[in-house]
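Geometric and topological summary
What follows is each chain in one-letter form.
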Amino acid sequence: MMMPGDITVVEVGPRDGFQNVKAMIPTDEKIAIIRAMISSGIRQMEITSFVNPKWLPQMADAAQVTEEILKDAPEDFRAIALAPNKRGVSNAVQAGLKSVTYVLSASESHNIKNVNRSVSESLEELRDIKDSFRDITVRVSLATSFGCPFEGRIPQERVMDVVERIHEAGIREIILCDTIGIANPLQIRNTVGLALRRFPDVKFGLHIHDTRGMGLASIYAGLLEGIHIFETSIGGLGGCPFAPGSAGNTATEDMLNMVNAMGIDHHIDMERYLEAVELVRGKVDASLTGRISNMCQAGA
C-alpha cells in the first residue's frame, strides 16, 4: 500500500496518560490541558474514561470533564471516552458523548486482569452495547494485539479471530494496541497487512507504547502499510495499570516531528502543541519522555 499523505492523530493523554498519574490532577487543570491541545489543532481525543473510580480514582471526574469540554469544543472536534463495560458506555452517553472506545484484549489473561471477564464475555457485552446504543459510534481498542504481559507473544491468527468477532458485532473502527510496547516493526507490518486484507471495510488504527524505544519505528511500519490513524499521548504519558512492564505511550510531539520531516500532513500547529506539553509539565506530577519537548526544555 502507499504511505498516506496525511494522518489522523487521536490524542490519548487525558485518558491513557492521566490514568497512570498517582497524584490527583485537579479537574480544572485537566480541562485547561485538553483545551490547549484542541487549540493546537487536535481534533480527535480520548478526553477521559468512564470507569469505576474505585479502580481508577484519577477518572472520578469523567462526567465533569466531558460536560465542560463539550460546552465550547469546535464543531469538528471528536470527543471520545473509554468505557470498559455497558454501564460506562451509558454514563458516557448521559454526559453527552457520541463516540466511545470499548476495550477488550486479544489475550484471555489480560482481559480478565483488565476488565474481569473472559474475551467471549466481553464480545457478548459488545454486541449488547452496539444494539443498545444505536446513535453513537462504538470503536474498539484491542489490547495485547502484539504481546501480553502474562502470555507473551499473541499468535497472529488469535488476533485475527478476535478482530473477526468484533467485526461480526458490527464494529468498523478498531485500534490494534501494543499494550506493553514489545512489538517490532516487522511484526507490526505483518499483522496490520493481514488485518487490512481480511477486513477492508474496517478503519484500523495503531496505539503503540514505547517501552523498548521502538514506538516511532513501529508507527513508521504502520505508515508503510497504509495506516493513517494513530493514538499517541502528550509528553509520552501513559501505561496500562493492569499490565506489568507497560511503559508510556509514544509521545504525540515526537510522532508529529517525524511525520513533519516526512512531508505527511496532520493539521496540528506544532508550536502550540508544544505549549500544551509545557502546560502538562507544569501541572502534572509525572516524567515526560517526549524527546522533542525535552530538547526544547533543555534549550537544544
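My aim in this report is to walk through the structure given alongside it, one point at a time.

Basis of the calculations
Residues numbered from 1 in each chain as written. Predicted model: local features only at pLDDT ≥ 70, side-chain atom pairs only at ≥ 80, totals over all residues. Heavy atoms only, no water. Pairing = 2+ DSSP bridges. Helix = DSSP H or I, 4+ residues; strand = E, 2+ residues; numbered from the N terminus. Axes fitted to C-alpha atoms, helices over the stretch in contact; angles between N-to-C directions. Contact = heavy atoms within 4.5 Å. Salt bridge = Lys/Arg side-chain N within 4 Å of Asp/Glu carboxyl O. Buried < 20%, exposed > 50% of the residue type's maximum accessible area, 1.4 Å probe, protein only. Parallel < 35°, antiparallel > 145°, perpendicular 65-115°, else oblique. Left-handed = near helix turned anticlockwise from the far one by under 90°. Core = buried A, V, L, I, M, F, W, Y, C linked by side-chain atoms within 4.5 Å. Arc of directions from axis to C-beta.

1. Quick notes on the sheet that holds strand E4 (residues 99–105)
Pairing in this closed barrel of eight strands is parallel, and the strands run E1-E2-E3-E4-E5-E6-E7-E8 around the ring. Strand-to-strand twist across the sheet, computed as the mean angle between neighbouring axes with direction ignored, equals 25°. Strand direction decides the pairing type here: strand E1 (residues 8–11) and strand E8 (residues 229–232), joined by four bridges, are parallel. Within E8, the residue paired with valine 10 across the bridge is glutamate 231. Packing against the sheet, helix H5 (residues 108–115) makes contact with E4 and strand E5 (137–143), and its axis sits at approximately 130° to E4.

2. Overview of the pattern of salt bridges
Inspection of the entire model under this criterion finds 20 salt bridges. Among the salt bridges present, the one from aspartate 76 reaches arginine 43, with a minimum N-O distance of 2.9 Å. Of this pair, aspartate 76 sits in the loop between helix H3 (62–72) and strand E3 (78–83) while arginine 43 sits in the loop between helix H2 (27–40) and strand E2 (44–49), and the two are 33 residues apart along the sequence. Its relative accessible area of 28% is what places arginine 43 among the partly exposed residues. Residues aspartate 201 and arginine 172 are paired through a salt bridge, measuring 3.0 Å at the closest nitrogen-oxygen approach. Remark: arginine 172 occurs in the loop between helix H7 (156–168) and strand E6 (173–178) and aspartate 201 occurs in the loop between helix H8 (185–198) and strand E7 (203–208); sequence separation between them is 29 residues. One network of salt bridges, in which partners are shared, links Arg15, Glu46, Arg78, Arg139, Glu173 and Glu231.

3. Considerations on helix H9 (residues 215–224)
Those residues of H9 that fall on the buried side of the exposure criterion are Gly215, Ser218, Ile219, Ala221, Gly222 and Leu223. As for H9, its buried residues are in contact with H8, E7, E8 and helix H10 (252–261). Where H9 terminates, the next one or two residues include glycine 226, which has phi positive at roughly 100°.

4. Here we look at the packing of H9 against H10
Running from amino to carboxyl end, H9 crosses H10 at an angle of 50°, the nearest separation of the two axes being 11 Å. With respect to their mutual orientation, H9 and H10 come out oblique. Here H9 and H10 pass one another in a crossing that is right-handed. Mapping the contact onto sequence places Leu216, Ile219, Tyr220 and Leu223 in H9 and Asp254, Met255, Met258 and Val259 in H10.

5. Considerations on the nonpolar core
In terms of nonpolar packing, the biggest core is built from 89 residues, with Leu126, Leu142, Ile166, Leu176 and Phe204 touching the most fellow members. If you look at the next biggest cluster of nonpolar residues, it comprises six residues, including Val10, Val12, Ile80 and Cys177.

6. Here's the deal with helix H4 (residues 86–94)
Of all the residues in H4, the buried ones are Gly88, Val89 and Ala92. Taken around the axis of H4, the buried residues stretch over an arc of 100°, which confines them to a single face. Residues of H4 that are exposed and angled more than 90 degrees away from the buried face: Arg87 and Gln94. Looking at the buried residues of H4, the elements they touch are E3, E4 and helix H6 (119–132). Where H4 ends, the next residue or the one after it, glycine 96, has phi of about 110°, a positive value.

7. Thoughts on the environment of arginine 212
Within the secondary structure, arginine 212 is located in the loop between E7 and H9. Classification of arginine 212 by relative accessible area gives exposed; the value is 57%. Along the backbone, arginine 212 and threonine 289 are 77 residues apart, and their C-alpha atoms lie at a distance of 13 Å. Contacts of arginine 212, omitting those with residues within four sequence positions, involve Gly181 and Ile182.

Read these as layout, nothing more, since geometry by itself doesn't imply function.
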